[in-house]
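# Reading the structure
Single-letter residue listing:
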There are 2 protein chains.
Amino acid sequence: MLRRARPISKFVVRFNSTAARYFPSEPQAPIVSTESIPGPKSIAINNELGTVFDNGATYFVADYFKSLGNYISDADGNKLLDVYCQISSIALGYNNPKLIEAAKSDEMTSAIVNRPALACFPSTNYKDILQQGLLAAAPSGMNKIWTSLSGSDANETAYKAAFMYQHAKLRQTDGFTEEELTSVMNNETPGASDMVILSFDKGFHGRLFGSLSTTRSKAIHKLDIPAFPWPKAPFPQLKYPLEEFEAENREEEERCLYQFESIIENSPKQIAAIIVEPVQSEGGDNHATSFFFQGLRDLTKRHGILMIVDEVQTGVGATGKFWAHEHWNLTTPPDMVTFSKKFQAAGFYFSNPELQPKQPYRQFNTWCGDPSKAILAKAIYKEIAASNLVQSTAQVGDYLFKGLQTIVAKSSGKFTNLRGENFGTFIAWDCVDADFRNKVLLACRSRGVNMGGCGDVSIRLRPTLLFEKKHADIFLNVLEDAVKSL
Amino acid sequence: MLRRARPISKFVVRFNSTAARYFPSEPQAPIVSTESIPGPKSIAINNELGTVFDNGATYFVADYFKSLGNYISDADGNKLLDVYCQISSIALGYNNPKLIEAAKSDEMTSAIVNRPALACFPSTNYKDILQQGLLAAAPSGMNKIWTSLSGSDANETAYKAAFMYQHAKLRQTDGFTEEELTSVMNNETPGASDMVILSFDKGFHGRLFGSLSTTRSKAIHKLDIPAFPWPKAPFPQLKYPLEEFEAENREEEERCLYQFESIIENSPKQIAAIIVEPVQSEGGDNHATSFFFQGLRDLTKRHGILMIVDEVQTGVGATGKFWAHEHWNLTTPPDMVTFSKKFQAAGFYFSNPELQPKQPYRQFNTWCGDPSKAILAKAIYKEIAASNLVQSTAQVGDYLFKGLQTIVAKSSGKFTNLRGENFGTFIAWDCVDADFRNKVLLACRSRGVNMGGCGDVSIRLRPTLLFEKKHADIFLNVLEDAVKSL
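Keep in mind that what you see is a predicted model, and the values were worked out from it rather than measured.

A few words on the sheet that holds strand β11 (residues 346-350) of chain B. Read from one edge to the other, the open sheet built from 7 strands follows the order β3-β11-β10-β9-β6-β4-β5 (chain B), with strand pairing classed as mixed. Since the sheet does not close on itself, it has two edges, and those belong to β3 (144-148) and β5 (232-233) of chain B, each with one partner.

Moving on: a negative patch on the surface. A cluster of acidic residues, A:E243, A:E244, A:E246 and A:E421, forms a negative patch on the protein surface. Structurally, A:E421 can be placed in the loop between β12 (415-419) and β13 (428-431).

Another aspect to go through is the domain arrangement of chain A. You'll often see interface size given as the accessible area lost when the parts meet. All names here are of chain A. Segmenting chain A into domains produces domain 1 (103-386) and domain 2 (389-485). Placing the centre of domain 1 and that of domain 2 at their C-alpha centroids yields a distance of 29 Å. Across the contact, 24 residues belong to domain 1 and 23 residues belong to domain 2. Both sides of the domain 1 and domain 2 interface together cover about 1,900 Å² of buried area, and 59% of this is carbon and sulfur. There are 2 salt bridges connecting domain 1 and domain 2.

Considering all chains together, one arrives at 44 salt bridges over all chains under this definition. With its nearest N and O atoms 2.3 Å apart, the salt bridge here joins A:D285 to A:R462. With A:D285 in the loop between β7 (279-280) and β8 (286-287) and A:R462 in the loop between β16 (458-460) and α15 (469-485), this residue pair connects regions lying 177 residues apart in the sequence. Where B:D473 meets B:K469, a salt bridge forms, and the shortest distance between an N and an O atom there is 3.4 Å. One end of the pair is B:D473 and the other is B:K469, both in helix α15 (residues 469-485) and 4 residues apart, which spans about a single turn.

A few words now on the pairing of strand β6 (residues 271-276) of chain A. Residues and elements named next belong to chain A. Counting buried positions along β6 yields 6 of 6 residues, so the element is predominantly enclosed. By the bridge criterion, 3 bridges tie strand β4 (residues 196-200) to β6 in an arrangement that is parallel. Looking at β6, one finds that I197 is bridged to A273. When β6 meets strand β9 (residues 306-310), the two strands line up parallel, connected through 4 bridges. Considered in β9, the bridge of A273 is made with L306.

What follows is about the relation of the copies chain A and chain B. You can overlay chain A on chain B at an RMSD of 0.0 Å; the transform is a turn of 180 degrees with a shift of 0.0 Å along its axis. Those values place the two copies in the arrangement expected of a two-fold rotation axis. Mapped onto chain B, 99% of the interface residues of chain A are again interface residues, and the two copies thus contact each other with one and the same surface.

Taken together, the contact between chain A and chain B spans 121 residues of the former and 120 residues of the latter. For the pair chain A and chain B, the summed buried area comes to about 11,100 Å², and 62% of that belongs to carbon and sulfur atoms. Three residues, A:F53, A:F121 and A:D224, lead the burial of chain A against chain B; their summed loss comes to 8% of the area buried on that side. Where chain A touches chain B, the interface holds 10 salt bridges. Between B:R171 and A:D224 there is a salt bridge, with the nearest N and O atoms lying 2.7 Å from each other. A total of 8 residues in the side of chain A that touches chain B trace back to one element, the largest contributor, which is helix α7 (residues 151-171) of chain A.

Residues and elements named next belong to chain A. In this structure, the amide linkage connecting I37 to the following residue, P38, adopts the cis form with an omega of 10 degrees. Position of P38 relative to the elements: it lies in the loop between α1 (18-22) and α2 (40-50). A cis amide bond links Y240 with the next residue in sequence, P241, at an omega value of -5 degrees. Mapped onto the secondary structure, P241 falls in the loop between β5 (232-233) and α10 (246-266). At K202, a position not held by glycine, the phi torsion is positive, near 80 degrees. Looking at the secondary structure, you find K202 in the loop between β4 and α9 (209-214). At V316, a position not held by glycine, the phi torsion is positive, near 70 degrees. Residue V316 is classed as buried on the basis of its relative accessible area, which comes to 1%.

What counts as what
Residues numbered from 1 in each chain as written. Chains lettered and ligands numbered in written order. Predicted model: local features only at pLDDT ≥ 70, side-chain atom pairs only at ≥ 80, totals over all residues. Heavy atoms only, no water. Pairing = 2+ DSSP bridges. Helix = DSSP H or I, 4+ residues; strand = E, 2+ residues; numbered from the N terminus. Patch = residues over 30% accessible without salt bridge, like charges linked within 9 Å, V, L, I, M, F, W, Y side chains within 5 Å. Areas by Shrake-Rupley, 256 points an atom, 1.4 Å probe, with all protein chains shown as cover. Salt bridge = Lys/Arg side-chain N within 4 Å of Asp/Glu carboxyl O. Lys, Arg positive; Asp, Glu negative; His and termini not counted. Charge placed at Lys NZ, Arg CZ, Asp CG, Glu CD. Domains from an automatic or database assignment. Contact = heavy atoms within 4.5 Å. Buried area = accessible area lost by both parts, 1.4 Å probe. Buried < 20%, exposed > 50% of the residue type's maximum accessible area, 1.4 Å probe, protein only. Least-squares fit on C-alpha atoms with pLDDT ≥ 70 in both.

Below, the structure is given as structure tokens:
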């Protein structure tokens, strides 16, 4: 039997829709014409790809030329409403005309064909590109930037900045001892640091050796890879709905803060920095309140530890603020904020100039970022600002959340712990078990909605910033229909 | 006094010159119109950049719009013959029309604006892009590829592949024990590996935490950063000219191989893999002979250790072979070969399918490479093949080497250890001390040649693959003139 999803939304929003302005031909509803997804063409192409490339995690093969707006097209011509968006990475929809314009610009062409070693031969226009894009979007008070190539790279260069900063503070001189200079060549102290980065249980910060040592999401991400003996602290496990469990949740956060301080005080090694996500995304979309994060900020300040906020997944508008940590109203900003994904460009923001080592060639590598990605980030930022997409995402998020409340309420306990209220479209909920979760994901996909899981039993929503009420209606209808079918 | 370099080459090669075909307007000689380089505009722009970005290593600010072919333009309008090329990364000259064509193609535009999470939603054309570019260029017998984002990323994902492979071999089952699953979440064995990667003294393999643990080039690259307790082995220190020191050099390589085997046999931890550069580039352009590399291959085979060849800097034609390790005629190919720089795309080649973990989400991250870079690599490869640029680079390299032999011979011992004979344009030599080396670099720059150092006292040449006899003549004249002036 062919499943063919029909337009479901009750009315078509043609006006006041930024999506409609960008994508006049965006599908009005998902189109599924194969028995299942991946369809036969996806499977055939993926099998071919598998002869040369690791394809064990493929959902389906996508046709990006035919994808548009909130809809991803697959190799078989199916068009799916995409609420996963390349693991939270498509800010402005597929084939956004403003980004195509940026991609075809002479500025972009030059950046692609003349890729510079930025720290040795920066381009005449790099400062302007940064200033009009990544820096215009910087969190309040953070006027400096380090650019890199991925979320892992962003976090690891932030760690390097933290280690160099803490050692410089201890050393109080610009020189190095002979013992440091020789021992470091053997990977030994005192030249090599024995300081540590503290991360949180269930946190995810990347997959290279330093970042993976701070990642605590799932065993499969870490098995068989050497890791630094760095500590982890508990992250609050909140109960939902929040308004029902206010006292218990406060107690849980106090418990975690207490343990956090106890780990700091008893750590055999100096903790150079902590890293924390505003929402632990890969680890299951675990939230905490401003109380917890302000507590972390107070304790790190008190103990001379740097606070790195990992906004790789939460950054760039999806939470209804440009940066998720703006929800906290911290009394002092974090020391570094890392970014990637929706900005395509990666790196970290900071304000303290001492986080930049005094000597050259310490925070250094061949590329030090990629101007072509910074140019794209500039175009992304300009459109987000011009079309008020953070505000509209906050609004559609509220609408979506209410719709999901209804579905969860009717689910007879199969869906629980709906979270992300007042957090834009950065919404998730739990399923009764992993098997049911996976069935829901597949049932939605076969009805034309591409959705992703996280943690052990959670479903997370990561639509574009052009996901509107009409898309929310389609999504909610498909989800409800999928659940009924199971 | 204004220095103004004049055309020096005795005749202008207009025909049989690929460079002239690509760049009919390429300068005939360097043009320097400022007192020194960086000139006033470079300095002003760099100071501005420094308010937001680490600019401590800037040589000068480049105007990539005005750069052409082998000539890099700076912010002041100077045009320098570039034999450093963004630390060995510009394969086909600045603003190469074939690359501009690729950059402006619809395929590129789609890759830029719809950047996929490749391991989950690969594009319909990714296999073709790989097949026509990166895989067409693959070393003999290496039919599989992992794509990543930088040389560091390439090496670290190769290390991950090595660790997973060696543990899988030991484990002989696809499952994991409860103890492995829990210990790894605390970064502890047995879930986290205590195996090691062995690298060589003076080797450079990147600057993230795993790759930096194998980097042994300079203390400043490593100070204050935690490192894994991984071993290093000596790398031969050859004497030049090679033909005069054949017996001593053989003895030195035998000594290094003996110590290498002794380290393997006495290592308290299992060595998962070794990593070695065909020419230790950052560490001073240190060469070894085929005898040494064949010895490494034999010993790694005998001891069940993987051999990773780091071709990040040596790869893609500059040595007069497409891959430098092809000079060795190994009896069996390396297990993995990593690449980046001149290919823009990064990653590693391999042939053994068991280097790909059986379970998904182990070798995994959001991007898993970047199709836009793979498209550029395809265009680069096609042009290299179509215009026989590896062969022409081998020829011009021989010409350049002979010219340098003359200059070194006349240098009264200020230049020594000329190396890279029969190694294309991948040529280097030593200066009497670091101070003299730096003066030579500056004197050449002020005469319109942009050149780079490496190691403690070395100068390395890393021109494009379109560096021809006419460029070599200009370079040799400038170098001779610069040395005379000191």
